[in-house]
Amino acid sequence: MSRIHFVVKESAKVRYQAQAEREKKSLGQWLREAADEKLEAARPRLFTVEELKAFAAKCDARHPPGAKEPDWPEIKKMLVETRFPDPGV
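Because the structure is predicted, anything quoted here is derived from the model rather than measured. (Residues numbered from 1 in each chain as written. Predicted model: local features only at pLDDT ≥ 70, side-chain atom pairs only at ≥ 80, totals over all residues. Heavy atoms only, no water.)

A. The layout of surface pockets, seen in detail. Roughly 630 Å³ of volume is contained in the largest pocket. For the lining of the largest pocket, the secondary-structure elements that each account for two or more residues are α1 (10–22) and α2 (27–42). Tallying contributions element by element places α2 first for the lining of the largest pocket, with seven residues. For the lining of the largest pocket, the class distribution of residues is 10 nonpolar, three polar and three charged. (1 Å grid on protein atoms, 1.4 Å probe; cavity = no way out; pocket = protein on both sides within 12 Å on 5 of 7 lines; lining within 4 Å. Points joined across faces, edges and corners; volume = space filled by probe spheres on them. Helix = DSSP H or I, 4+ residues; strand = E, 2+ residues; numbered from the N terminus. Nonpolar A, V, L, I, M, F, W, Y, C, P; charged D, E, K, R; others polar.)

B. Spatial organisation of the environment of Glu 51. Positionally, Glu 51 belongs in helix α3 (residues 49–61). Spatially, the C-alpha atoms of Glu 51 and Ser 2 are 38 Å apart, while their sequence positions differ by 49 residues. For Glu 51, the contacting residues outside a window of four places in its chain are Arg 45 and Leu 46. At 2.9 Å, the side chain of Glu 51 and the backbone nitrogen of Thr 48 are in polar contact. (Contact = heavy atoms within 4.5 Å. Polar contact = N/O pair within 3.5 Å; in protein donor to acceptor, adjacent residues only side chain to side chain.)

C. Spatial organisation of the confidence of the model for the protein. In this model, the protein carries an average pLDDT of 89, and 94% of its residues clear a pLDDT of 70 or more. For the protein, per-element mean pLDDT is lowest for helix α4 (residues 72–83), which scores 87, and highest for α1, which scores 97. (pLDDT = per-residue confidence, 0-100.)

D. Inspection of the environment of Pro 44 at higher detail. Turning to its location among the elements, Pro 44 is positioned in the loop between α2 and α3. Using a relative accessible area of 63% as the deciding quantity, one classes Pro 44 as exposed. As for Pro 44 and Arg 22, which are separated by 22 residues in sequence, their C-alpha atoms are 31 Å apart. (Buried < 20%, exposed > 50% of the residue type's maximum accessible area, 1.4 Å probe, protein only.)

Have a look at this one:
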């Protein structure tokens, strides 16, 4: 096991300790869990196969069966029009 030392203001230490006590944890345990939660929140979220299938089904449901996507020239025209709207309108 490794140790990590870091400097905090006394007021921060008191707040951390008080919260750890409210949660019935040692200060070390509370700090480790806080660091783990921060790390987990920063991790890119990967989707499960079930979530990806549900997403694909939701996308498919937005379009009628047999509907075809617009051709690339139509898509480019739409992108240009939405990015640079006609100033005369």
